[in-house]
Amino acid sequence: MAERIPFVDLRREHLALGRLLEARLIEVARSGRYVLGPYVECLERAMADYLGVDHAIAVGSGSDALRLSLVALDIGVGDEVITTPFTFAATLEAIVHTGATPVPVDIDPATYNLDPRAVAAAVTANTRAVLPVHLFGLPADMQRICAIASSHGLAVVEDCAQSLGARIDGRPAGSFGTAAAFSFYPTKILGGIGDGGLIATGDAELARRLRGLRNHGDNGTGGYDSAGFNSRLDEIQAAVLMLKLDHLDARVARRRHIAARYNQLLAASGAQLPTAGAGVEHAYGCYTLGVAGRDRLRAQLGEAGIGSALYYARPLHLHPRLAAACRYGALPHAEAAAARCLSLPIFPELSDAEVDDVALTAAQCLERGA
Ligand SMILES: *Cc1c(COP(=O)(O)O)cnc(C)c1O
């Protein structure tokens, strides 16, 4: 059957913004300011306010936000960075590109996030940082991870690519670590119409270094301090993101509403549903089920015209190109999650009827499969 309900449809959001969006694009085109201009500054201030941090530095992508954060912390060859193997490749690649050794440790099977006990057990004399991912929009256990990091003098770099809008006890994910990396890739919770990213930090010296690193080491006074990168955000992205930032909270609320409906309709299905502990606000960058017959469920949804996605079919320590760079032990929970997880559509423009259709179809498939 042709796809009735896609996994994601970015046109719906942009068509709804209509003339407002088009007017912004024309305004930037006519302005003569295209890279690191007034809209970028505006976005940095607005994001810093939203996150409750002192500094926000816009960069070219979420991947760069991670990599530049590690470089700014002087992490490199001989250093180890503890992270999760159950994430997007960019998380691990950022460590590899600094020359440091990624140390993937196992996840908590209930949350799919880094297990703090595994983090503590993996610390060595070479460990420099912990890189937790707030996977699918669910905050990692930052209280315990930050406590372990501070007792060993480690930096914490949060991967917030999927978690803008998530909170722990009212405090935004991305405000706990030494630095936090956000992505504005079009499919993320706040997405541009191209690539983009941002780093949040409370550390003024780190922020100063990051502003240099994103622009070839430019120190702002005509000199070049270090070998930097070209990772500048452009004005078109910043202008579009500023427009969308006004709708961010409403759109995250819509994601939560869809997730609650899925949870309700799939409660008796036997699938492992997303959970959030007391005080933890999930942002639902993804809505992900854990099921034994994952591939069959995905095929049956496809036959019914419903899109789904495999985040992630393979944990990163089993990627041939990445495994060689890592130091790791047994990671059974990450491997089990990769075999069981399936993500359902959860973009905010889904209608209530589409949401019910997805959930009821999935429930039927699971009933048949059981
Ligand atoms: C998307 C994503 C990234 C990378 O962001 P880009 O903007 O695509 O470079 C990093 N980590 C995670 C967990 C992601 O989902």
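Structure shown above.
All of the points below concern the structure found in this document. (Residues numbered from 1 in each chain as written. Predicted model: local features only at pLDDT ≥ 70, side-chain atom pairs only at ≥ 80, totals over all residues. Heavy atoms only, no water.)

## Overview of the packing of helix H2 (residues 38-51) against helix H8 (residues 235-245)
For any two helices packed against each other, one specifies the crossing angle of their axes together with the interaxial distance. Formally: Inter-axis angles, ranging from 0 to 180 degrees, are taken between N-to-C directions of lines fitted to C-alpha atoms, where helices are fitted over the stretch in contact. The numbering of helices and of strands both runs from the N terminus, where a helix is a DSSP run of H or I of at least 4 residues and a strand a run of E of at least 2. For classification purposes, an angle smaller than 35 degrees is called roughly parallel, one larger than 145 roughly antiparallel, one from 65 to 115 roughly perpendicular, and anything else oblique. By the definition used in this description, the sense in which the near helix is turned from the far one sets the handedness, with an anticlockwise turn below a right angle giving left-handed and a clockwise turn giving right-handed. Every residue pair with non-hydrogen atoms within 4.5 Å of one another is taken to be in contact. Classification used: nonpolar for Ala, Val, Leu, Ile, Met, Phe, Trp, Tyr, Cys and Pro, charged for Asp, Glu, Lys and Arg, polar for all others including Gly.
Here H2 crosses H8 at 40 degrees, and the two axes come no closer than 8 Å. Put simply, H2 runs oblique to H8. Classified by chirality, the crossing of H8 by H2 is left-handed. In contact with Pro 38, Tyr 39, Val 40, Cys 42, Leu 43, Ala 46 and Met 47 of H2, H8 contributes Glu 235, Ala 238, Ala 239, Leu 241, Met 242 and Leu 245. Its residues assigned to classes, the contact of H2 with H8 comprises 12 nonpolar, no polar and one charged.

## A closer look at the pattern of salt bridges
In a structure, side chains of opposite charge can pair up when their charged atoms sit close to one another. Here is the rule: Whenever Lys or Arg places a side-chain nitrogen within 4 Å of a carboxyl oxygen from Asp or Glu, that contact is recorded as a salt bridge. Think of it in three bands: with a 1.4 Å probe and only protein chains considered, a residue is buried below 20% of the maximum accessible area for its type, exposed above 50%, and partly exposed in between.
On inspection of all chains with the given rule, the structure shows 21 salt bridges. As a salt-bridge pair, Asp 64 and Arg 67 come within 3.1 Å of each other at their nearest N and O atoms. Of this pair, Asp 64 and Arg 67 both sit in helix H3 (residues 62-72), three residues apart, which is roughly one turn of the helix. The partly exposed category is assigned to Arg 67, whose relative accessible area is 21%. Among the charged side chains, a salt-bridge network with shared partners connects Asp 9, Arg 11, Arg 12 and Glu 354.

## Things to note about the site of the ligand
Inclusion rule: Put simply, a residue is near a molecule or strand once any heavy atom of it comes within 4 Å of that molecule or strand. Pairs of N or O atoms are called polar contacts if they sit within 3.5 Å, as long as, within protein, a hydrogen donor faces a hydrogen acceptor (for residues adjacent in sequence, only side-chain-to-side-chain pairs). Per-residue accessibility takes into account occlusion by the displayed protein chains alone, with areas from the Shrake-Rupley method and a 1.4 Å probe. We place a 1 Å grid over just the protein atoms. Points where a 1.4 Å probe fits but has no way out form a cavity, open points with protein on both sides within 12 Å along at least 5 of 7 lines form a pocket, and any residue with an atom within 4 Å of a point lines it. For a cavity or pocket, the test is whether more than half of a molecule's atoms lie within 2 Å of its grid points; if they do, the molecule sits there.
Neighbouring the ligand are 15 residues, the closest being Gly 62, Ser 63, Asp 159, Ser 183 and Lys 188. The side chain of Ser 63 places a nitrogen or oxygen atom 2.5 Å from an oxygen atom of the ligand. Here an oxygen atom of the ligand and a side-chain polar atom of Lys 188 are 2.7 Å apart. Within the complex, the protein chains bury 93% of what would otherwise be the 380 Å² of accessible surface of the ligand. Among the detected pockets, the ligand sits in the largest pocket. Those elements that place two or more of their residues in the shell around the ligand are H3 and helix H4 (89-98). Broken down by class, the residue content of the shell around the ligand amounts to five nonpolar, eight polar and two charged.

## Structural notes on the layout of surface pockets
Worth spelling out the cut-off: Grid points are joined across faces, edges and corners, and a volume is the space filled by probe spheres set on the points.
Considering only enclosed or pocket space, the largest pocket measures out at about 620 Å³ in volume. In terms of lining residues, the largest pocket is bounded by 33 residues, among which Gln 162, Tyr 185, Thr 187, Lys 188 and Tyr 311 are the most central. Secondary structure elements with two or more residues in the lining of the largest pocket: H3, H4 and strand E8 (179-183). In the lining of the largest pocket, the residues fall into 19 nonpolar, 10 polar and four charged.

## As for the sheet that holds strand E7 (residues 171-172)
Pairing between the strands of a sheet is mediated by backbone hydrogen bonds and can be parallel or antiparallel. As a reminder of what qualifies: Paired strands, as defined in this entry, are two strands with at least two bridges between them according to DSSP.
Taking strand neighbours across the sheet as the criterion, the three strands line up as E7-E6-E10 in an open arrangement whose pairing is antiparallel. The strands lining the two open edges of the sheet, one partner per strand, are E7 and strand E10 (280-281). Here strand E6 (residues 167-168) pairs with E10 via two bridges, running antiparallel. Looking across to E10, one finds that Ile 168 is bridged to Val 280.

## What about the packing of aromatic side chains?
For the record, the criterion: Paired rings are identified among Phe, Tyr and Trp, the last through its six-membered ring, by centres lying within 6.5 Å, and are further divided according to the angle between planes into stacked (under 30 degrees), edge-to-face (over 60) and tilted (the rest). Over a ring means this: the NZ of a Lys or the CZ of an Arg is within 6 Å of the ring centre and within 35 degrees of the ring normal.
Across all of its chains, the model carries nine aromatic pairs by this definition. Judged by centre distance (6.2 Å) and plane angle (25 degrees), the rings of Tyr 284 and Tyr 287 are stacked. In terms of burial, Tyr 284 and Tyr 287 fall into one category: buried. Connected via pairs of aromatic rings, a cluster forms that spans Phe 7, Phe 86, Phe 88, Tyr 112, Phe 136, Tyr 311 and Tyr 312. Above the face of the Phe 176 ring, Arg 171 is positioned so that its terminal group lies 4.1 Å from the ring centre.

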